[in-house]
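# Descriptive analysis of the structure
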Amino acid sequence: MNQFLSSLDEKLTFPVALDRNREVTKAYQVGPLPSTIAINKNGIVVDKKEYQLTVDDIYSFVEQSSSE
């Protein structure tokens, strides 16, 4: 993960969580890696991508996760 983050042209200004115990992987049935799931503050999945995200994808996920 650190290698991916350091490869970005821009530095992210939000936290990135890692699923060290695979609890989230099991709960959301994550298959191929990398996979990214956007979850809003109400715990609702708003998007899921099963490929390496671009910077634009990341900002889109944050925007979707932040909206109600």
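Residues numbered from 1 in each chain as written. Predicted model: local features only at pLDDT ≥ 70, side-chain atom pairs only at ≥ 80, totals over all residues. Heavy atoms only, no water.

## Thoughts on the confidence of the model for the protein
Where the model shows low pLDDT, its predicted coordinates should not be examined in detail. Note the threshold: For every residue, the predictor reports its confidence as pLDDT, a number between 0 and 100. A run of DSSP states H or I qualifies as a helix once it reaches four residues; a run of E qualifies as a strand once it reaches two. Both are numbered from the N-terminal end.
Mean pLDDT over the protein stands at 83; residues scoring 70 or higher make up 99%. By mean pLDDT, the top-scoring element of the protein is helix H2 (residues 23–27) (88), and the lowest-scoring one is helix H1 (residues 2–7) (79).

## Structural notes on the pattern of salt bridges
This is how the line gets drawn: One side-chain nitrogen of Lys or Arg within 4 Å of one carboxyl oxygen of Asp or Glu is enough to make a salt bridge.
Summed over all chains, the structure comprises two salt bridges. With a shortest N-O distance of 3.6 Å, Lys49 and Asp47 are connected by a salt bridge.

## Overview of the layout of surface pockets
Quick note on the threshold: Of the grid points, spaced at 1 Å and generated over the protein atoms alone, those admitting a 1.4 Å probe that cannot get out make up cavities, while open sets with protein on both sides within 12 Å along at least five of seven lines make up pockets; any residue with an atom within 4 Å of a point is treated as lining. Grid points are joined across faces, edges and corners, and a volume is the space filled by probe spheres set on the points. Each residue is assigned to one of three groups, with Ala, Val, Leu, Ile, Met, Phe, Trp, Tyr, Cys and Pro labelled nonpolar, Asp, Glu, Lys and Arg labelled charged, and all others, Gly among them, labelled polar.
Volume-wise, the largest pocket comes out at about 1,200 Å³. Residue lining of the largest pocket: 31 residues in total, with Met1, Val16, Ala17, Ser35 and Thr36 positioned closest to the centre. Those elements that provide at least two residues to the lining of the largest pocket are H1, H2, strand E1 (36–39) and helix H3 (55–66). Partitioned by chemical class, the residues of the lining of the largest pocket number 21 nonpolar, seven polar and three charged.

## Description of H3
Test applied: The span one expects for a helix is its residue count, reduced by one, times 1.5 Å. Burial classes follow relative accessibility: with a 1.4 Å probe on protein chains only, a residue under 20% of its type's maximum area counts as buried, one over 50% as exposed, and anything between as partly exposed. The directions considered for the arc are those from the helix axis to the C-beta atoms. Contacts between residues were defined by any pair of non-hydrogen atoms, one from each residue, lying within 4.5 Å.
Compared with an ideal rise of 1.5 Å per residue, which puts twelve residues at 16 Å, H3 spans 17 Å between its outermost C-alpha atoms and is within 8% of the ideal. Buried residues of H3: Val55, Asp57, Ile58, Phe61 and Ser65, and no others. Within H3, the buried residues cover an arc of 160 degrees as seen down the axis, which keeps them to one side. Opposite its buried face, H3 presents the exposed residues Asp56, Glu63 and Ser66, each directed more than 90 degrees away. Contact partners of the buried residues in H3: H1, E1 and strand E2 (45–49).

## Structural notes on the pairing of E2
Rule in force here: Two strands form a pair only when DSSP identifies at least two bridges running between them.
Alignment of E1 against E2, held across four bridges, turns out to be antiparallel. Counted as the bridge partner of Ala38 is Asp47 from E2.

## Looking at the side chain of Asn40
With respect to the helices and strands, Asn40 occurs in the loop between E1 and E2. Residues in contact with Asn40, not counting those within four places in the same chain, are Val46, Ser65 and Ser67.

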